[in-house]
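Reading the structure
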Amino acid sequence: MNMAIAGLDNGVTKITLSGRLDTPGVDRIEARLVATVVPNNSSAIIDVSGVDFITSMGSRMLITVARSLALRQAKLALYGAQSMVNEVFERVALPEIIPVVENEADAISAVLC
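So, here's what we can say about the structure. All values reported here derive from a predicted model rather than from experimental measurement. (Residues numbered from 1 in each chain as written. Predicted model: local features only at pLDDT ≥ 70, side-chain atom pairs only at ≥ 80, totals over all residues. Heavy atoms only, no water.)

1. Considerations on helix α4 (residues 104–112)
Along an α-helix, residues three or four apart share an orientation, since each turn contains 3.6 residues. Rules: Buried means the residue's accessible area, taken with a 1.4 Å probe over protein chains only, is under 20% of the maximum for its type, while exposed means over 50%, and partly exposed covers the values in between. Counting from the N terminus, the helices are the DSSP runs of H or I reaching at least four residues and the strands are the DSSP runs of E reaching at least two. To obtain the arc, one takes the directions from the helix axis to the C-beta atoms. By the convention used here, residues are in contact when the closest approach between their heavy atoms is within 4.5 Å. Here a polar contact is taken to be a pair of N or O atoms separated by no more than 3.5 Å, where protein atoms must pair a possible hydrogen donor with a possible acceptor and residues adjacent in sequence count only if both atoms sit in side chains.
Along α4, the positions that sit buried rather than exposed are Ala107, Ile108, Ala110 and Val111. Projected onto a plane normal to the axis of α4, the buried residues spread over an arc of 160 degrees and lie on a single side. Check the buried side of α4 and you find it contacts β3 (44–54), β4 (76–79) and β5 (100–101). Two or three places before Ala105, at the opening of α4, Asn103 has a side-chain oxygen 3.2 Å from that residue's backbone nitrogen.

2. A short note on the pairing of β3
Keep this limit in mind: Pairs of strands are assigned from DSSP output, requiring at least two bridges between the strands. When the strands point away from the viewer and the connection leading from the first strand across the helix to the second strand turns clockwise, the crossover is called right-handed.
Pairing of strand β2 (residues 13–21) with β3 involves eight bridges; the strand directions are parallel. Residue pairing for β3: Ser18 is matched across the bridge by Gly50. A crossover connection joins β2 to the parallel β3 through helix α1 (residues 23–37); in handedness this β-α-β unit is right-handed.

3. A look at the packing of aromatic side chains
The condition that has to hold: Only centres within 6.5 Å qualify two rings of Phe, Tyr or Trp (six-membered ring in Trp) as a pair; their planes then separate them into stacked at under 30 degrees, edge-to-face at over 60, and tilted for everything else. Sitting over a ring, as applied to charges here, requires NZ of Lys or CZ of Arg to be within 6 Å of the ring centre and within 35 degrees of the ring normal.
Applying the stated criterion across every chain yields a total of zero aromatic pairs. Positioned above the aromatic ring of Phe53, the side-chain terminus of Arg20 is 4.1 Å from the ring centre.

This is how it looks when you write it as structure tokens:
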């Protein structure tokens, strides 16, 4: 699992993930992800287009980050999910907790509204 971090002009943090969001993948990035987005009290978007596999551990990590941000009046949105990853998101009802949209512009709109 690889993770890249960038700040956008509107104050939103953009995270790009690639690889497998399984237990080893979550172990590699979770602490850094949480430390990057949660203390800033700013909303974040995550590009998951490079994620080709996700397990319940990956979903749990995303939900935990979203809930931590919500406590700080910030939001999280995901975008670009491949069909297999999107099926997992749907199966665990992730879109009811975190906006899952098609592209970066829609993700930015979801966290800034």
